[in-house]
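# What the coordinates show
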Amino acid sequence: MPDRATQRFPVLVMNQISASGLSRLSAERYQVGKDVTDPAAVLVRSADLHGVTIPATVQAICRAGAGVNNIPVPAMTARGVPVFNAPGANANAVKELVLVGMLMAARHIAPALDFVAKLDGASPDLDKKVEDGKKAFAGFELAGQTLGVIGLGKIGCLVADAAIKLGMDVLGFDPEITVDAAWSLPSQVRRAGSVNEVLRASRFVTLHVPLVAATKGLVNESNIGLMRADGVLLNFSREGVVSNSAVLDALGAKELAHYVCDFPEASLLGHPKVIALPHLGASTREAEENCAVMVVDQLREYLEQGHISNAVNFPNVSMARESAYRIAIANSNVPNMLGQISTAMAAAGLNIHNMVNKSRGEMAYTLVDVDSPVTEDALAHIAAIPGVLKVRYLPVQA
Ligand SMILES: NC(=O)C1=CN([C@@H]2O[C@H](COP(=O)(O)OP(=O)(O)OC[C@H]3O[C@@H](n4cnc5c(N)ncnc54)[C@H](O)[C@@H]3O)[C@@H](O)[C@H]2O)C=CC1
Ligand SMILES: O=C(O)C(=O)COP(=O)(O)O
């Protein structure tokens, strides 16, 4: 039987994850790398895990970022595997890039830079060319303009707040806004009743929703025409939230002034009215560190103590340790699971010292501290109960 208290957890790293986070995985307890086999956990950013075989050894997937559309969450839920993310850890980075995007569009920064790059430095009338040329790039100011924010989560709220501070008029829409998010918003943010209302009323519209079935093509052929002809659409959310063909048609018909996005899909490349960045929203040192530290700490708590925080498919669960012998069980949220689990424990001679059970949707999670060591046989009996998805034994390290 392996000594579970001293075993090292193999952690597979699938993207560039900040060393500030990775360094929190001690060499005594973790084996971290791009080539580890039989991983206990996967650390990932945007790598697409759909269609990838995720080994049966995996106990957790950690997204060092916000969006989890690259991860097969329902399949992981069915296996009792939590998918962690880092809510808010990169929100400021995205907010700042949204401000860049608005300013780039309003002040014609990309063509202006292009104009300057093409100037002949040896020309005797360089100054005159600059002064003559600049009128082509005259823009407008953000102050006084209306910004529509669709999705008032971690990023949308920061964008709304920054825009208010810049003197903009902000209109927000989020049918599922959380109480915390609502409290964090400046009182000046006006509430819209629909996406269409935002599109109609705003000079700038910025999207900060996750890519899910309900947000696929949120801005599309049928509603993009509601935007002002001098309007600017910003998409730092996900490519699929906007129909690129609808955008290109609207730009071509002069029914939209600019499309600013973080997703340079082929059809957008080279278009003079498209400002496309290479998915740079979260690519700051600070955001990368924040995300990595957050998910790594959540992972350690999960692997070593069984605690769960910020999993998108599990409830938050924690329980102070009062015994060295802890069992963590993920199971379907159906009747009589706890009864069967405690019966199996009693049959194995285990006395329950303390326990906590929480559920979220179809998933339930139980931490049980017992008074004596747990045998592999007892764990196998619990694992065999129909509806139990994963059982882990987490004894305290000697
Ligand atoms: N470009 C980049 O590098 C980055 C992009 N993102 C993207 O931004 C998304 C949002 O990130 P966060 O603000 O951190 O997430 P969040 O979960 O804090 O906020 C998302 C908000 O969207 C709202 N929402 C969902 N469906 C909606 C709908 N149909 N209409 C209006 N609101 C709706 C939710 O209620 C929630 O308040 C991520 O899911 C990800 O796709 C996030 C970070 C970096
Ligand atoms: O956090 C997110 O949702 C992002 O889109 C950031 O992606 P990245 O970690 O930079 O690959």
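Since this is a predicted model, take the numbers as computed values, not measurements. All residue numbers refer to position in the chain's written sequence, counted from 1. All chains are assigned letters beginning with A, and all ligands numbers beginning with 1, in the order in which they are written. pLDDT decides what is reported in this predicted model: residues at 70 or higher carry local features, side-chain atom pairs at 80 or more are listed and counted, and totals for whole chains, interfaces and linings draw on all residues regardless.

### Here we look at the overall build of the protein
Short version of the rule: Secondary structure is summarised from DSSP: a helix means a run of H or I of at least four residues, a strand means a run of E of at least two, and numbering begins at the N terminus for each. Every C-beta atom is placed from the backbone, and the number of other C-beta atoms within 10 Å of a residue's own sets its class: buried at 20 or more, exposed at 12 or fewer, partly exposed in between. For the purpose of contact definition, each residue receives a C-beta atom placed from its backbone, and two residues are in contact when these atoms lie within 7 Å.
In terms of regular secondary structure, the protein is built from twelve helices and 16 strands. Oriented by its inertia axes, the alpha-carbon framework of the protein measures out at about 90 × 50 × 35 Å. Every one of the 398 residues in the protein was classed for burial, and the buried ones make up 39%. Look at the contacts in the protein between residues 6 or more apart in sequence, and 65% of them connect residues 24 or more apart.

### Concerning helix 3 (residues 91-106)
Applicable threshold: The span expected for a helix works out to 1.5 Å for each residue beyond the first.
Spanning 16 residues, helix 3 covers 23 Å between terminal C-alpha atoms, matching the ideal 22 Å at 1.5 Å per step. Ala91, Ala93, Val94, Lys95, Leu97, Val98, Gly101, Met102, Met104 and Ala105 are the residues of helix 3 that are buried. Remark: His108 follows helix 3 within two positions and exhibits a positive phi of approximately 55 degrees.

### What to know about the sheet that holds strand 1 (residues 9-13)
Stated precisely, the cut-off is as follows: Here, a strand pair is defined by DSSP locating no fewer than two bridges between the strands. Convention adopted: a line fitted to C-alpha atoms gives each axis, helices being fitted over their contacting stretch, and angles between N-to-C directions are expressed from 0 to 180 degrees.
A sheet is described by the order of its strands in space; here five strands give the open sequence 2-1-3-4-5, paired in parallel fashion. In this open sheet, the two edge strands, each paired with only one partner strand, are strand 2 (30-33) and strand 5 (83-84). As defined by bridge partners, strand 1 adjoins strand 2 across four bridges and the pair is classed as parallel. Pairing of Phe9 across the sheet is with Tyr30, part of strand 2. Against the sheet, helix 10 (residues 285-305) engages strand 1, strand 3 (41-44), strand 4 (60-63) and strand 5, with an angle of about 165 degrees to strand 4.

### Structural notes on the domain arrangement of the protein
Formally: Residue ranges assigned to the domains are those given by an automatic or database domain assignment.
Taken as a whole, the protein is organised into domain 1 (1-89 + 284-314), domain 2 (91-276) and domain 3 (315-398). When each unit is reduced to the centre of its C-alpha atoms, the spacing between domain 2 and domain 3 is 49 Å.

### Notes on the UniProt feature "domain: ACT" (unreviewed entry) in the protein
The test is simple: UniProt positions are given in the numbering used here, feature names are shortened, and annotations may be inferred rather than shown by experiment.
Mapped onto the present numbering, the UniProt feature "domain: ACT" (unreviewed entry) falls on residues 326-396. The distance from the first to the last C-alpha atom of residues 326-396 is 8 Å, and the span holds 27% helix and 42% strand.

### What to know about the site of ligand 1
The cut-off we apply is this: Whether a residue is near a molecule or strand depends on its C-beta atom, placed from the backbone, lying within 6 Å of it. Amino acids are sorted into nonpolar (Ala, Val, Leu, Ile, Met, Phe, Trp, Tyr, Cys and Pro), charged (Asp, Glu, Lys and Arg) and polar (every other residue, Gly among them).
Near ligand 1 there are 33 residues, and of these Gly67, Gly151, Gly153, Pro210 and Gly281 occur at the shortest range. Listing elements by their share of the shell around ligand 1, those giving two or more residues are helix 3 and helix 6 (154-165). In terms of residue count, helix 6 provides more of the shell around ligand 1 than any other element does, three residues in total. Considered class by class, the residues forming the shell around ligand 1 number 17 nonpolar, eleven polar and five charged.

### Notes on the sheet that holds strand 15 (residues 363-370)
Ordered by their spatial adjacency, four strands build an open sheet running 14-15-13-16, and the pairing between neighbours is antiparallel. Single-partner strands in this sheet number two, and they are strand 14 (352-360) and strand 16 (388-393). Strand-to-strand, the axes of this sheet are offset by a mean angle of 15 degrees, without reference to chain direction. Pairing of strand 14 with strand 15 involves eight bridges; the strand directions are antiparallel. Within strand 15, the residue paired with Ile352 across the bridge is Val370. Sheet contacts for helix 11 (residues 337-347): strand 13 (325-332), strand 14 and strand 15; angle to strand 15, the most-contacted strand, approximately 30 degrees. Against the sheet, helix 12 (residues 376-383) engages strand 13 and strand 16, with an angle of about 160 degrees to strand 16.

### A short note on the site of ligand 2
The immediate surroundings of ligand 2 are formed by Arg45, Ser46, Gly65, Ala66, Gly67, Asn90, Gly281, Ala282 and Ser283. Taken together, the residues of the shell around ligand 2 sort by class into two nonpolar, six polar and one charged.

### Description of unusual backbone geometry
One non-glycine residue with positive phi stands out, namely Asn310, at about 65 degrees. Positionally, Asn310 belongs in the loop between helix 10 and strand 13. For Asn310, a count of 20 C-beta atoms within 10 Å gives the class buried. A positive phi angle, close to 70 degrees, is found at Asn336, a residue other than glycine. When you line up the elements, Asn336 lands in the loop between strand 13 and helix 11.

### Describing the packing of helix 3 against helix 6
So the rule is basically this: Relative orientations are named as follows: roughly parallel for angles under 35 degrees, roughly antiparallel for angles over 145 degrees, roughly perpendicular for angles from 65 to 115 degrees, and oblique for any other angle. Note on convention: the crossing is left-handed when the near helix lies turned anticlockwise from the far helix by less than a right angle, right-handed when the turn is clockwise.
Where helix 3 meets helix 6, the closest approach of the two axes is 9 Å, and the angle between their N-to-C directions is 45 degrees. Between helix 3 and helix 6, the interaxial angle falls into the category oblique. Seen from above, helix 3 lies across helix 6 with right-handed handedness. Of the residues in helix 6, those in contact with Ala91, Asn92, Val94, Lys95, Val98 and Leu99 of helix 3 are Lys154, Ile155, Leu158, Val159 and Ala162. Taken together, the residues of the contact of helix 3 with helix 6 break down into eight nonpolar, one polar and two charged.

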